[in-house]
2 protein chains.
Amino acid sequence: MIKAILCIAGTVAFAMAANPEFTAGGELQFPKDYREWIFLSSGLGMTYGPAAAPEGDPRFDNVFVNPSAYRSFLASGRWPDKTIFVLEVRKSRSEGSINKGGHFQTDTAAVEVHVKDEKRFPGGWAFFGFGRDEQTAKQIPTSASCYSCHSQHGAVDTTFVQFYPTLIDVAKANKTFR
Amino acid sequence: MIKAILCIAGTVAFAMAANPEFTAGGELQFPKDYREWIFLSSGLGMTYGPAAAPEGDPRFDNVFVNPSAYRSFLASGRWPDKTIFVLEVRKSRSEGSINKGGHFQTDTAAVEVHVKDEKRFPGGWAFFGFGRDEQTAKQIPTSASCYSCHSQHGAVDTTFVQFYPTLIDVAKANKTFR
C-alpha cells in the first residue's frame, strides 16, 4: 500500500512538477522546459502585447502554462498557487520554403513570465521579463502597466482567459469568468 | 523489484504514451488529449495550409506532436514509428476584449492528423481529416496533394520541420534536415 502511494506520487511528480524557482536574491530562474508545458494559445500582432514589433513583420505571442496548474484549472476554473504562465514572443516571416503569404514563426524575441506565489508576492502574482539567453530575471516593478492591465481586464484572476479558447467554457462553468 | 519496474513503466506510460488508435475498419480514433501534447508552432494565414479560410479573418494553424515522438526527435532528429502530428485549424478575430488589432484564436475549424505507422501505411505516413465533433476519420487517399507536397517539400521525413523553430537546429545537428 505504501509502495503504491509512493508510486502514484512519483508519477504525478514526473509529469506535473514545475514550480517557480527563485535565487536567494529573489530573481526568477528561467523555466527551461516551458516548451514542454501546456500550450494555451497564440496571437499575431495583438495590440495589447508587451513586446510589440517596432516595425516590419508582426510578432507572435505563444502562451504556455505549467501542466499542474492547467489540470487544476480544468477541474476548478481557478489558478492554483505556483501557477506559471510563459508568454513567448516570436518574430515572424511571410516568405520561406513553400509559404508565400500569411506568417510563420521564427526566432524568439522575448520571454515574459507571470507567476502566482501567494506567500512571496502581495496580490499573489508577479511579472518577470527575460531577455535573450538570460537565465534569471528581476521582478518587474508593480508600478508597470502589465499589473494594472491584467488586474483590470483579465477574465480570471488577472489572467487573459478570454484569449484562451479551450479554457473559456471551463471558467464559465465554474463561474470564475468575469 | 517487480513493483519498482511496474512503477517506472506506469510513470512513462502516463507521461508519454499516445499511440495512434484505429477502429477495426482502419479509421483513426480522434486523439482526444492532443492539447496536452507538445506544441511545435503556429502560423496565421499560411498559404500552404489545407484548410484556408474562404473569406474574412485568416486562420491559425497550431501544430502539436505526441510527447514520446518529440523526445525521440530531440535525441535523434528523426520521427519514430507511431509519431502523431495534429494540425489544429482555428478561426481568428481582431477585435475582442482589449484587443484592437492583430489576430487572436477562437473556435476550431478543423483538425488534420498526420500519422507514422510503418506496418500499416506504405511509405510510413498517412493523413486523416476530422470534421467538427467527429470521433473517427477515414484515411485521406494517397492521391491527395498533402502526400505529394509533404513528400516533396517537408524538410525531415515528409514533415515541415522548416516551420518548427525549436526543431530546425536539432535536425541540422543530426544531419536529417534537407
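Structure: see above.
Read on for a plain summary of the structure. Values in this document were obtained by computation on a predicted structure and should not be read as measured data.

1. A word on the interface of chain A and chain B
Here's step 1: Opposite the 44 residues of chain A that make contact, chain B presents 44 residues.
Here's step 2: Summed over both sides, the interface between chain A and chain B buries roughly 3,600 Å², with carbon and sulfur atoms accounting for 63% of that surface.
Here's step 3: For chain A, the biggest contributors to the area lost against chain B are R35, F39 and I98 of chain A; these three give 19% of the whole.
Here's step 4: For the pair chain A and chain B, the number of links is 2 salt bridges.
Here's step 5: Inspection of the region where chain A meets chain B yields 14 residue pairs in polar contact (both at pLDDT 80 or more).
Here's step 6: Elements with a minimum of two residues in the side of chain A that touches chain B: helix 1 (2-16), strand 2 (38-44), strand 3 (60-65), helix 2 (67-76), strand 5 (104-116) and helix 3 (145-153) of chain A.
Here's step 7: For the side of chain A that touches chain B, the element with the highest residue contribution is strand 2 of chain A, accounting for 7 residues.

2. Concerning helix 3 of chain A
Residue and element names in this part refer to chain A.
Here's step 1: Buried within helix 3 we find C146, Y147 and H150. Each buried residue of helix 3 sits inside an arc of 100° when the element is viewed along its axis, so together they form one side. Exposed and facing more than 90 degrees away from the buried side of helix 3 are S145 and Q152.
Here's step 2: Those residues of helix 3 that are buried are in contact with strand 5 and strand 6 (125-130).

3. Some details on the relation of the copies chain A and chain B
Here's step 1: Mapping chain A onto chain B is achieved by rotating through 180° and translating by 0.0 Å along the same axis, at an RMSD of 0.0 Å. The relationship between the two copies is best expressed as a two-fold rotation axis.
Here's step 2: Of all interface residues in chain A, 100% are interface residues in chain B too; the two copies therefore contact each other through one and the same surface.

4. What about the sheet that holds strand 5 of chain A?
All names here are of chain A.
Here's step 1: Ordered by their spatial adjacency, 5 strands build an open sheet running 2-3-4-5-6, and the pairing between neighbours is antiparallel. At either margin of the open sheet sits one strand with a lone partner, and together these are strand 2 and strand 6. Between one strand axis and the next, the sheet turns by 25° as a mean value, whatever way the strands run.
Here's step 2: One ladder, built from 9 bridges, connects strand 4 (residues 84-93) with strand 5; its direction is antiparallel. The residue bridging R90 from the neighbouring strand is T108, located in strand 5.

5. Remarks on the environment of V89 of chain B
Here's step 1: Tracing the backbone shows V89 of chain B in strand 4 (residues 84-93).
Here's step 2: Put simply, V89 of chain B and V170 of chain B are 81 residues apart on the chain and 26 Å apart in space, counted from C-alpha to C-alpha.

6. Remarks on the sheet that holds strand 5 (residues 104-116) of chain B
Residues and elements named next belong to chain B.
Here's step 1: Across the sheet, which stays open at both edges, the 5 strands sit in the order 2-3-4-5-6 with antiparallel pairing between neighbours. On the outer flanks of this sheet lie strand 2 (38-44) and strand 6 (125-130), each paired with one strand and no other. Averaged over all pairs of adjacent strands, the angle between strand axes in this sheet comes to 25°, irrespective of strand direction.
Here's step 2: Contacts from helix 3 (residues 145-153) reach strand 5 and strand 6, with the element oriented near 135° to strand 6.

7. Some points on the nonpolar core
Here's step 1: The biggest cluster of nonpolar side chains holds 43 residues, and the ones touching the most others in it are V113 and F128 of chain A together with V113 and F128 of chain B.
Here's step 2: If you list the elements that add at least two residues to this core, you get strand 4, strand 5, strand 6 and helix 3 of chain A together with strand 4, strand 5, strand 6 and helix 3 of chain B.
Here's step 3: Ignoring sequence-local partners within four residues, the contact set of V113 of chain A consists of L28, P31, I84, F85, V86, A126, F127, F128 and F130 of chain A.

The rules we used
- Residues numbered from 1 in each chain as written.
- Chains lettered and ligands numbered in written order.
- Predicted model: local features only at pLDDT ≥ 70, side-chain atom pairs only at ≥ 80, totals over all residues.
- Heavy atoms only, no water.
- Contact = heavy atoms within 4.5 Å.
- Buried area = accessible area lost by both parts, 1.4 Å probe.
- Salt bridge = Lys/Arg side-chain N within 4 Å of Asp/Glu carboxyl O.
- Polar contact = N/O pair within 3.5 Å; in protein donor to acceptor, adjacent residues only side chain to side chain.
- Helix = DSSP H or I, 4+ residues; strand = E, 2+ residues; numbered from the N terminus.
- Buried < 20%, exposed > 50% of the residue type's maximum accessible area, 1.4 Å probe, protein only.
- Arc of directions from axis to C-beta.
- Least-squares fit on C-alpha atoms with pLDDT ≥ 70 in both.
- Pairing = 2+ DSSP bridges.
- Axes fitted to C-alpha atoms, helices over the stretch in contact; angles between N-to-C directions.
- Core = buried A, V, L, I, M, F, W, Y, C linked by side-chain atoms within 4.5 Å.

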